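A look at the structure
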Amino acid sequence: MKSILTEQQLEITIKRLAHQVLENHVDLTNTVLIGLQPRGVFLSDQLVDEIKKETSTEKIQYGKLDITFYRDDIRKELHIANRTDIPFSIEGKNVVLIDDVLYTGRTIRAALDALLDFGRPEKVELCVLIDRRFSRQLPIHPDYTGKSIDAIVSQKVKVFWKNRDGKDEVCLVND
Amino acid sequence: MSLSTRHLLGIKDLTVDDISLILETAEQFKEVLQRPVKKVPSLRDVTIVNLFYENSTRTRFSFELAEKRLSADTINFAVSGSSAAKGETLLDTVRNILSMKVDMVVMRHSASGAPHFLAQHIPAAIINAGDGVNEHPTQGLLDAFSMRKKLGKLEGLKVAIIGDIMHSRVAMSNIYLLNKMGAKVTVCGPPTLIPKYIRESFGVEVNYNLKETLEWCDVANVLRIQLERQNQVLFSSLREYNIAYGVKRKLLDNLNKEIVVMHPGPINRGVELDSDVADSKQSIILQQVENGVAVRMAVLYLLSGRNPGNN
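Presented here is an overview of the structure given in this document. As a convention, each chain's residues are numbered from 1 in the sequence order in which they are written. Whichever chain is written first becomes A and whichever ligand is written first becomes 1, with later ones labelled in order. Given that the model is predicted, a residue must reach a pLDDT of at least 70 before its local features are reported, and side-chain atom pairs must reach 80 or more before they are shown or counted; all residues, however, enter totals for whole chains, interfaces and linings. The basis for the side-chain values is all heavy atoms of the structure; hydrogens and waters are excluded.

1. A short note on the layout of surface pockets
Residues and elements named next belong to chain A. Here a cavity denotes grid points, spaced 1 Å and computed from the protein atoms alone, that fit a 1.4 Å probe unable to get out, and a pocket denotes an open set having protein on both sides within 12 Å along at least 5 of 7 lines; residues with an atom within 4 Å of a point are the lining. Grid points are joined across faces, edges and corners, and a volume is the space filled by probe spheres set on the points. Of the pockets and cavities examined, the largest pocket occupies roughly 1100 Å³. If you go around the largest pocket, you meet 36 residues; those closest to its centre are Arg39, Arg71, Val101, Tyr103 and Thr107. Elements with a contribution of two residues or more to the lining of the largest pocket: β4 (94-102), α3 (106-116) and β7 (155-160). Helix and strand definitions here come from DSSP, where helices need a minimum of 4 consecutive H or I residues and strands a minimum of 2 consecutive E residues; each element is numbered from the N-terminal end. Sort the elements by how many residues they give to the lining of the largest pocket and β7 lands first, with five residues. Taken together, the residues of the lining of the largest pocket break down into twelve nonpolar, ten polar and 14 charged. Here the nonpolar group is Ala, Val, Leu, Ile, Met, Phe, Trp, Tyr, Cys and Pro; Asp, Glu, Lys and Arg are the charged ones; every other residue, Gly included, is treated as polar.

This is how it looks when you write it as C-alpha cells:
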C-alpha cells in the first residue's frame, strides 16, 4: 500500500480545490455544489466547509446525488441506493459535481443523466480529488483535480476519511 | 446486499433484512417521485406482465405506474376479454406470455397459492399482488412503510387490525410483517370474522371490543368488509356491523391520544369507516396510496431478474 496523499497533503489539496472553485464562481448565488453518493460526499462535505470559511454561508447551495438507478452495469450487479438530497432547483444554475476518484468516467456519465432529471443546468463542472489518468472509458474530463495519478487496472485507489475510517489518507493498493 | 428470495410470494418468506432493504430502497424511490422528472432508467431492459385474474384499481394502477417510472415495458392482462375466459389454464396462459420474452410477472388471483404454484413452473420472477385469502405482500410493505414514515419506527409500535380478519390477505401480510419487525399486533372484530386459533398460530392479541382496542393502539388499520368473499351470514346487517365495529369520529375524539387511521381501500363508507374519519387529518389513507408506488418500485427494482441466463 503506497501513500498518494498524506493527511497534511489532503488538507492542503482540499483547501486548494475550494479556492479554485471559488475563483471561477466568485459569486456563488448562481452556483450549486453536488456531492456524489456514497463516497464523494466525504470530500464534498469538507470542500463545502472550506468554501464556507471564505464566503457568506447563506449563498451556498449544497446537495447530494445518488446515481444508483442510472448505472449502466445494473444487469451485472444489484447496487443499493443511497439518499439523494437536492432541496433546490438546478434550472439555469452552474453545477459543480464533486466525487472522490475519477476512473472510467461511468459514474459521472450516470450523474449527468441523473442531474438532467432535476432540471436543465446552465453548465456542469467536475471536481475530483484523484484523477486516474489514461483509464477513461468515456469522454469525460475533470475541471478541478486534486491529484492526477497513473495506475494500472489491477491497482486500486483507496480514500480514507477520519470520521469514517479513522484517518485521512489516500493510498494506492496492489490487488 | 440483495434480497434472499427471487420472488415476492409473501411476507412469510422474507427475512428482517429483506424487509428493511425494501423499505430503505422505497425511501429512495419516494425521493425520485418528488423530482421534476419522476422516472429512472433502471429497468429499461425489463418487460413485465400484470396478470390480474381478479378486480383491482389501486394495486393495478400502482404497479403499472411503478413499472413505468422504472422505464420497464409493461403489458396488462385482465381475465375478461382474454383467452382465460375460453378455458385456457393459468400455466398455459403464463407460458404463452413468457414465450414472448417477458421477464417478470405481477399476479393477482382469487386462488390462494396461485403465485406459489407458478413460481415452481416458470423461470420468471413473480410478484404476488394478492392471492385469495393468503397474502398481499406489497400492501403489507406499503402499510409498514407508511407507519414508519408517519411514526418514525415499527419496533414497539402498537397496531390494531380491525374488521374482517378471516377473509383478509392484507391482515395476513400485515401480521407477518409487523411480527417480524417487532411491532405489537391486536386484531379486533366480531368473533365470526376472526379465525379461531389466530392467537396461538400468529402470536397476536385478540380483542372483540373496539373501544378497548382503540384505546390501546397507536395505529388502527381498518379493513374492508369483503362481502364478495362471504358465503354465509357472519353478522346480521351492515348497519349493525357499523354500530359495533365501525370506526367513528366520536370514538376517536373520546380517546386521550390521537391515533393514526389507515385503510387499504376500497372503503365501504359508513360500514367499517365513517366518512368524517376517513377524510380527517388523522387518516393517512391517501399517503398509503402514494407510498404504494415507491414501495412497488423498490420491490420491482430489487427483484428485477439479475438471475443467470435472463439477459
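2. Overview of the packing of helix α2 (residues 58-69) of chain B against helix α12 (residues 285-302) of chain B
Residues and elements named next belong to chain B. It is the contact of α2 with α12, at a shortest axis distance of 8 Å, that shows an interaxial angle of 55°. As judged from the angle between their axes, α2 and α12 are oblique. As for the relative orientation of α2 and α12, their crossing is right-handed in sense. Contact residues: Arg58, Thr59, Ser62, Phe63, Leu65, Ala66, Glu67 and Arg69 in α2; Val289, Gly292, Val293, Arg296, Met297 and Leu300 in α12. Angular values range over 0 to 180 degrees, each being the angle between N-to-C directions of two axes fitted as lines to C-alpha atoms, with helices fitted over their stretch in contact. Angle categories: roughly parallel below 35 degrees, roughly antiparallel above 145, roughly perpendicular from 65 to 115, and oblique for all the rest. Handedness of a crossing is defined here by the sense of rotation of the near helix relative to the far one, left-handed for an anticlockwise turn of less than a right angle and right-handed for a clockwise turn. Throughout, a contact is declared for two residues whenever any of their heavy atoms are within 4.5 Å.

3. Thoughts on the interface of chain A and chain B
Contact with chain A, which involves 14 residues of that partner, is made by 21 residues of chain B. Of the roughly 1800 Å² buried between chain A and chain B, counting both surfaces, carbon and sulfur atoms make up 57%. Three residues, Phe69(A), Arg75(A) and Leu78(A), lead the burial of chain A against chain B; their summed loss comes to 40% of the area buried on that side. Should a side-chain nitrogen of Lys or Arg be within 4 Å of a carboxyl oxygen of Asp or Glu, the pair is scored as a salt bridge. Connecting chain A to chain B are zero salt bridges. For this analysis, a polar contact is any N or O atom pair within 3.5 Å, provided that within protein one partner can donate a hydrogen and the other can accept it, and provided that sequence-adjacent residues contribute only side-chain to side-chain pairs. Linking chain A to chain B there are six residue pairs in polar contact (both at pLDDT 80 or more). The term buried area denotes the loss of accessible surface (1.4 Å probe radius) that occurs when two parts are joined, taken as the sum for both partners.

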